[in-house]
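# Notes for the structure review
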Amino acid sequence: KAGVTQTPRYLIKTRGQQVTLSCSPISGHRSVSWYQQTPGQGLQFLFEYFSETQRNKGNFPGRFSGRQFSNSRSEMNVSTLELGDSALYLCASSVNSGTSGPYNEQFFGPGTRLTVL
Amino acid sequence: SQQGEEDPQALSIQEGENATMNCSYKTSINNLQWYRQNSGRGLVHLILIRSNEREKHSGRLRVTLDTSKKSSSLLITASRAADTASYFCATASDNYGQNFVFGPGTRLSVLP
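Residues numbered from 1 in each chain as written. Chains lettered and ligands numbered in written order. Predicted model: local features only at pLDDT ≥ 70, side-chain atom pairs only at ≥ 80, totals over all residues. Heavy atoms only, no water.

Now for the overall build of chain B. If you tally the helices and strands in chain B, you get 0 helices and 11 strands. Radius of gyration (C-alpha) of chain B: 13 Å, near the 13 Å computed for a compact globule of 112 residues. Taken along the three principal axes of its C-alpha coordinates, chain B extends 45 × 30 × 20 Å. Looking at chain B as a whole, 45% of its 112 residues qualify as buried. As presented, chain B carries roughly 5,300 Å² of accessible surface, and 45% of it is formed by carbon and sulfur atoms. Taking the average place of the 12 positive charges on the side chains of chain B and the average place of its 10 negative ones, the gap between the two points comes to 4 Å. (Helix = DSSP H or I, 4+ residues; strand = E, 2+ residues; numbered from the N terminus. Rg over C-alpha atoms; globule rule 2.2 N^0.38 Å. Buried < 20%, exposed > 50% of the residue type's maximum accessible area, 1.4 Å probe, protein only. Areas by Shrake-Rupley, 256 points an atom, 1.4 Å probe, with all protein chains shown as cover. Lys, Arg positive; Asp, Glu negative; His and termini not counted. Charge placed at Lys NZ, Arg CZ, Asp CG, Glu CD.)

Structure representation (C-alpha cells):
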C-alpha cells in the first residue's frame, strides 16, 4: 500500500496570506489527524476527521480549519498567517472502528514545511 | 501542559549499547504509543501498549507500562547508528475526544 502523502512538501508564504495543505491517507483508512510541530511547542494536535466529520479538535484558534472528503482525503487551511505558524505540519491516518478517537496506530506522512515570512 | 513527558531530553550512546527512554504522563490513559522521528521528517510508529498490558516487545524494542506510576519506558537493545532519531511517547486518554498528545521527545544519538 502507498503511504500517507502530503502536498506540498515545502511552502513559503507571507503574513496575512492563507494556505491550504493536502493529505491523502493510506487506502482504507478513514481517520485523518493533523499535527503542528515546532521547536518550541513540540507536536501539537490540531484536529481529527473521520467520515468527513471533525471528531476531535485541539486548542488552536479558528484560523486553523480542515475538512475531509468522501474519499478520506483531507485538507487543512490556515487563514491570516502569522509568523508563529511557521512549522512542520504532519498528517496521520489510521484504521478506526467504533467511536474511538485516534487511539490506534497512526501512519504519518512526511509533512509540509511551512515558512511564514 | 503536555500529557507525556520524556526523560532524558537527550541521550548519547555508543553503538551496541542499550538505550532507555522514559515517559511519564498525568491522567488515565487508554493506550500509550511510541514513535520515532528522523530529523525533520514524519513519525514512524514503533509500539502501542494498552493500559491493561505491562510489557510488549518488537524486535530490539521493549516497552513497559506502569499505570500505577503513570510511566512507560522504551528500551532499545544493541543500538545501531540508524537508531539515531527523536523518540516520542503519545498518550490517548480514556475519554472520547481531545486527549491524544505527544511528549517533547528524547533525542537519541548513537555514535559509531
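Okay, the pattern of salt bridges next. Two side chains that carry opposite charge are able to pair once their charged atoms sit near each other. Residues and elements named next belong to chain A. Within this structure, the stated rule accounts for 7 salt bridges over all chains. For R55, the salt bridge is made with E48, and the minimal N-O distance between the two is 2.6 Å. The class of E48 is buried, set by a relative accessible area of 0%. Taken together, the shared-partner salt bridges in this structure form one network comprising R63, E82 and D85. (Salt bridge = Lys/Arg side-chain N within 4 Å of Asp/Glu carboxyl O.)

Turning our attention to the state of the cysteines. Residue and element names in this part refer to chain A. A complete count under the given rule lists 2 disulfides over all chains for this structure. Covalent S-S linkage joins C23 and C91, the inter-sulfur distance amounting to 1.7 Å. Its torsion about the S-S bond being -50 degrees, the disulfide of C23 and C91 is classed as left-handed. With C23 in strand β3 (residues 19-24) and C91 in strand β9 (residues 87-94), this pair connects stretches of sequence that are 68 residues apart. (Disulfide = S-S within 2.5 Å.)

Moving on, we get to the pairing of strand β5 (residues 43-50) of chain B. All names here are of chain B. For β5, the tally of buried residues reaches 6 of 8 residues, placing the bulk of the element in the interior. The pairing of strand β4 (residues 29-37) with β5 spans 7 bridges and is classified as antiparallel. Counterpart to R36 in the pairing with β5 is V44. In sequence, β4 turns back onto β5 through a hairpin of 5 residues, with G40 there showing a positive phi of about 65 degrees. (Pairing = 2+ DSSP bridges.)

With that settled, the discussion passes to the sheet that holds β3 of chain A. Sheets are built from strands paired through backbone hydrogen bonds, the pairs being either parallel or antiparallel. All names here are of chain A. Pairing within the open sheet is antiparallel, and its 4 strands lie in the order β1-β3-β8-β7. For this open sheet the edge positions go to β1 (5-7) and β7 (64-68), each flanked by a neighbour on one side alone. Shown here is a sheet whose adjacent strand axes are inclined to one another by a mean of 20 degrees, direction ignored. (Axes fitted to C-alpha atoms, helices over the stretch in contact; angles between N-to-C directions.)

All names here are of chain A. With respect to the helices and strands, T112 occurs in strand β11 (residues 112-116). On the basis of relative accessible area, T112 is assigned to the buried category, the value being 0%. For T112, the contacting residues outside a window of four places in its chain are Q6, T7, P8, R9, L21, A87, L88 and Y89. (Contact = heavy atoms within 4.5 Å.)

All right, on to the environment of Q106 of chain A then. Of note, Q106 of chain A is situated in the loop between β9 and β10 (107-108). Separated by 71 residues in sequence, Q106 of chain A and Y35 of chain A place their C-alpha atoms 12 Å apart. Apart from the residues lying within four places of it in its own chain, the contact partners of Q106 of chain A are S33, Y35, A92, S93 and S94 of chain A together with Q33, Y35, H45 and F100 of chain B. Here the side chain of Q106 of chain A touches Y35 of chain A through a polar contact of 2.9 Å, side chain to side chain. (Polar contact = N/O pair within 3.5 Å; in protein donor to acceptor, adjacent residues only side chain to side chain.)

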